[in-house]
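Fold and contact review
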Amino acid sequence: MESFRPWRGGYLAKADSTERKFFAGLASDVAFMLGRPLDRMLQDAQRGPDESDPLAAYEAEFAGIDGEDGQASDDMSEDPEQARTLREMTQDSLASVKSEQLLVFYRSVTASTDHVWVGNEDMPAWISAVNSIRLVCSARLEITDGES
């Protein structure tokens, strides 16, 4: 993949089909680990909100508006019990935000034949998705910061 360059309201990079498939696969695998497979999310997005649920349209409209960036601290509290409780309370929300970010990334790498285009409005989600993929890969490969 070549470097991104500014291009008409976003950023553009040249990437061949093998590279795009590789990155799409990583995004799909990470979303699956979060319990939110991208293929299911894409099907849900095509269907739209559930009309039988009057709050579904509002939920879809305001998803992610609370400013959650998908980042969490390992040390939510010095008290282990309180940390566990806080983690349980935020885990689903964080997984949902991360999955939405991975979906933005996935759509951008699968949308074209020889380029990846990311709009300015999608850049924060795209970068967060790249970071999530990076963290999973480094954990699986047991890559540390080099201090140990």
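Preceding block: the structure.
I will try to describe carefully the structure that is included in this document. Quantities reported herein were computed from a predicted structural model and do not represent experimental measurements. (Residues numbered from 1 in each chain as written. Predicted model: local features only at pLDDT ≥ 70, side-chain atom pairs only at ≥ 80, totals over all residues. Heavy atoms only, no water.)

Attention shifts here to the overall build of the protein chain. Summing up its helical and strand segments, the protein chain has five helices and three strands in all. Listed N to C, the secondary structure of the protein chain is β-β-α-α-α-α-β-α in terms of helices and strands. The buried share of the protein chain, taken over its 148 residues, is 26%. Across the protein chain, every contact between residues at least 6 apart in sequence was considered, and the portion connecting residues at least 24 apart equals 69%. (Helix = DSSP H or I, 4+ residues; strand = E, 2+ residues; numbered from the N terminus. Buried < 20%, exposed > 50% of the residue type's maximum accessible area, 1.4 Å probe, protein only. Contact = heavy atoms within 4.5 Å.)

A few words on the environment of Leu-103. Tracing the backbone through its elements, the reader meets Leu-103 in helix α4 (residues 80–110). Those residues within four positions of Leu-103 in sequence are excluded, and the remaining contacts are Leu-38, Met-41 and Leu-42.

Through backbone hydrogen bonds, the strands of a sheet pair up, either in parallel or in antiparallel fashion. Pairing is antiparallel across the open sheet formed by three strands, whose spatial order is β1-β2-β3. The two strands at the open ends of the sheet, each matched to only one other strand, are β1 (5–6) and β3 (115–119). Examined bridge by bridge, strand β2 (residues 10–14) and β3 share five bridges and lie antiparallel to one another. Within β3, the residue paired with Lys-14 across the bridge is His-115. (Pairing = 2+ DSSP bridges.)

The next thing to look at is the pattern of salt bridges. Scanning the model with the defined rule gives two salt bridges in all. Across the pair Arg-84 and Glu-81 runs a salt bridge whose closest N-O atoms are separated by 2.3 Å. Of this pair, Arg-84 and Glu-81 both sit in helix α4, separated by three residues, roughly a single helical turn. In this structure Glu-81 comes out as partly exposed when scored by relative accessible area, which is 44%. In this structure, the salt-bridge partner of Arg-84 is Glu-88, at a minimum N-O distance of 2.5 Å. (Salt bridge = Lys/Arg side-chain N within 4 Å of Asp/Glu carboxyl O.)

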